[in-house]
Amino acid sequence: MVGRKKDFKHMERVDGRWINVLEGLELHTGVFSAAEQKRIVACVYDVQEKGRNRQLRRRTYSEPRKWMRGKGRVTIQFGCCYNYAVDNYGNPPGIIQDEEVDPMPPLLKTMIKRMVAWHVLPPTCVPDSCIVNIYDKDDCIPPHIDHHDFLRPFCTVSLLSKCNILFGRELKIMGPGEFSGSTAIPLPVGSVLVLNGNGADVAKHCVPAVPTERISITFRKMDDSKLPYKFSPDPALQNLHPLAYPPIKSPVQQVANTLSPNQQQITPEAQVLGKHMHCHWSHNSKAQEQVEIAGLASSSPFKLGSDDFPPLGSSSANGRSNKPSRPLRQELEQQKL
């Protein structure tokens with residue numbers, strides 16, 4: 001279901017040698033359905049309304065005055081307060097450990113669970129913070145490399161409209177909201193861009209002035225040494241694991257699928273092989289089922305694969321039973337006798 005592109009390549013000369021500055025980038029599509037994207041956007045607008053009504057902590061919501069093109073992007077921070085530049089109190093760029101912001105809404109935590117379960121993010125780097133950017137027409141993000149108070153990889157989810165993100169060792173500012181870069185990567189609506197390796201640490205990236213409204217949600221894991229003083233891990237984001245891939249059918253099963261019920265005679269050799277393979281796969285299937293049940297039992301509004309991984313013994317999507325046909329069942333019963 002999920003489209004994955006991992007072969008980005010653009011060579012640039014760095015410290016006297018040519019390297020692929022896009023190494024480590026991954027673009028995933030199909031992670032969130034259109035209906036799920038609408039729910040995420042509605043959640044963001046609901047939080048924005050609370051921020052405008054001063055119902056959030058002071059550093060959670062920021063909506064600067066739009067005094068020129070490219071300035072005025074709305075930001076909402078969860079998990080930690082990140083300082084983009086030296087502030088009025090002399091705090092340098094990075095996580096401000098003695099500042100508090102609001103915790104992550106449940107729906108955003110569900111997005112993280114989905115991305116770990118579907119092999120978009122590794123279970124070794126589960127995000128514990130995020131920043132939401134709400135763009136109006138002509139808003140942008142200038143060239144930068146994400147601060148190393150955050151671990152790699154991290155990811156950005158694009159919503160509402162597609163746009164280009166520019167990458168390059170050196171990105172030039174041509175004017176307000178206008179940048180020139182070595183290469184541009186289109187970000188489809190609903191896509192997840194994962195940044196790691198050279199793509200995160202060697203190449204800068206930026207988003208030029210957008211032609212229409214856009215929302216991005218960037219999920220990042222904080223370095224343990226930079227955690228806010230009052231931070232406590234969220235139990236909902238602990239011990240997450242990716243779903244197991246469906247097991248590969250054994251040679252016996254593959255051959256059996258090509259035969260009619262009357263042709264499916266199992267030889268003694270095949271019985272021994274099948275018994276051995278069944279023991280091996282039944283263990284994996286049980287582990288997979290436990291992971292799937294854990295995901296489905298979550299209180300999240302997303303159905304983490306309930307349609308794609310139906311419970312054992314359930315009916316298939318077209319309403320037909322998963323049980324063998326009557327002639328095949330009779331034949332199997334006769335073989336047992």
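Numbering of residues starts from 1 in each chain and follows the order in which that chain's sequence is written. With pLDDT at 70 or above as the cut-off, local features in this predicted model cover only qualifying residues; side-chain atom pairs require 80 or more to be listed or tallied, and sums for whole chains, interfaces and linings still use all residues. To obtain the side-chain values, all non-hydrogen atoms of the structure were used and water was disregarded.

**Student:** Would you explain the nonpolar core in this entry?
**Tutor:** The tendency in soluble globular proteins is for nonpolar side chains to be buried side by side. Residue types Ala, Val, Leu, Ile, Met, Phe, Trp, Tyr and Cys, when buried and joined through side-chain atoms within 4.5 Å, form a set referred to as a nonpolar core. Only protein chains enter the area calculation, which uses a 1.4 Å probe; residues under 20% of their type maximum are buried, those over 50% are exposed, and those in between are partly exposed. Core analysis: the biggest nonpolar cluster contains 39 residues, and Leu108, Met115, Val132, Val192, Ile217 and Phe219 have the highest contact counts within it. Secondary structure counts use DSSP, requiring at least four H or I residues in a row for a helix and at least two E residues in a row for a strand, with both numbered from the N terminus. At the level of secondary structure, the elements contributing two or more residues to this core comprise helix 1 (34-52), strand 6 (74-78), helix 2 (106-117), strand 9 (129-135), strand 11 (154-159), strand 16 (192-195) and strand 18 (214-220). In this description, contact between two residues means that some pair of their heavy atoms is separated by no more than 4.5 Å. Beyond its immediate sequence surroundings of up to four residues, Met115 is in contact with Val31, Phe32, Val120, Leu121, Cys155, Val157, Val192 and Phe219.

**Student:** Please explain the side chain of Ser129 as it appears in this structure.
**Tutor:** Among the structural elements, Ser129 can be located in strand 9. For Ser129, a relative accessible area of 2% gives the class buried. For Ser129, the side chain forms a polar contact with the main-chain oxygen of Arg220, separated by 3.0 Å. Between N or O atoms, a polar contact is any pair within 3.5 Å; within protein, one atom must be a potential hydrogen donor and the other a potential acceptor, and residues adjacent in sequence are included only when both atoms are from side chains.

**Student:** Hey, could you run me through the sheet that holds strand 10 (residues 141-144) in this one?
**Tutor:** By this definition, two strands are paired if DSSP reports at least two bridges between them. Spatial strand order, 10-17-12-15: four strands in an open sheet with antiparallel pairing. Edge positions in the open sheet fall to strand 10 and strand 15 (183-187), since each of these has one partner strand only. Neighbour to neighbour, the strand axes of the sheet diverge by 20° on average, direction disregarded. Relative to strand 17 (residues 204-207), strand 12 (residues 163-168) runs antiparallel, the two sharing three bridges. Bridge assignment links Phe167 to a residue of strand 17, and that residue is His205. Here an angle of 0 to 180 degrees is reported between the N-to-C directions of two axes, which are lines fitted to C-alpha atoms, with helices fitted over the stretch in contact.

**Student:** Just checking my understanding: could you explain the side chain of Arg152 for this structure?
**Tutor:** Note that Arg152 resides in the loop between strand 10 and strand 11. Separated by 3.1 Å, the side chain of Arg152 and the backbone oxygen of His147 make a polar contact. A distance of 2.9 Å separates a polar side-chain atom of Arg152 from the backbone oxygen of Phe150. Those residues in contact with Arg152 that lie beyond four places of it in its chain are Cys125, Ile145, Asp146, His147, Leu195, Asn196, Ala200 and Asp201.

**Student:** Help me understand helix 1 in this model?
**Tutor:** Residues lying three or four places apart along an α-helix face the same way, a consequence of the helix completing one turn every 3.6 residues. Helices are assigned an expected span. That span is 1.5 Å times one less than the residue count. For helix 1, which comprises 19 residues, the first-to-last C-alpha distance of 27 Å matches the rise-based estimate of 27 Å (1.5 Å per residue) to within 8%. Every buried residue belonging to helix 1 is among Glu36, Gln37, Ile40, Val41, Cys43, Val44, Val47, Gln48 and Gly51, and all of these are buried. Looking straight down helix 1, one finds that the buried residues subtend no more than 155° of arc, so they occupy a single side. Facing away from the buried side of helix 1 by more than 90 degrees, the exposed set consists of Ala34, Ala35 and Lys38. Buried residues in helix 1 make contact with strand 5 (61-62), strand 6, helix 2, strand 9, strand 11 and strand 18. At the C-terminal side of helix 1, Arg54 shows a positive phi close to 60°. In this description, the arc belongs to the directions extending from the helix axis to the C-beta atoms.

**Student:** Would you mind going over the packing of aromatic side chains with me for this structure?
**Tutor:** Aromatic ring pairs are described here by two measures, namely the spacing of the ring centres and the angle between the planes. Put simply, two rings from Phe, Tyr or Trp (the six-membered ring, in Trp's case) pair if the centres are within 6.5 Å, and we call them stacked under 30 degrees between planes, edge-to-face over 60, tilted for the rest. As enumerated under the stated definition, the model contains two aromatic pairs in all. Ring centres of Tyr82 and Tyr84 lie 5.1 Å apart, and the angle between their planes is 80°; this geometry places the pair in the edge-to-face category. Taken together, the aromatic side chains of Tyr82, Tyr84 and Phe150 make up a single cluster linked through ring pairs. Charge-over-ring contacts are defined here by two conditions on Lys NZ or Arg CZ: a distance within 6 Å of the ring centre and an angle within 35 degrees of the ring normal. Above the plane of the ring of Tyr82 lies Arg220, whose end atom (NZ or CZ) is 5.4 Å from the centre. Stacked on the ring of Phe150, the Lys or Arg Arg220 has its end atom at 3.8 Å from the ring centre.

Honestly, it's all geometry; don't read function into it.
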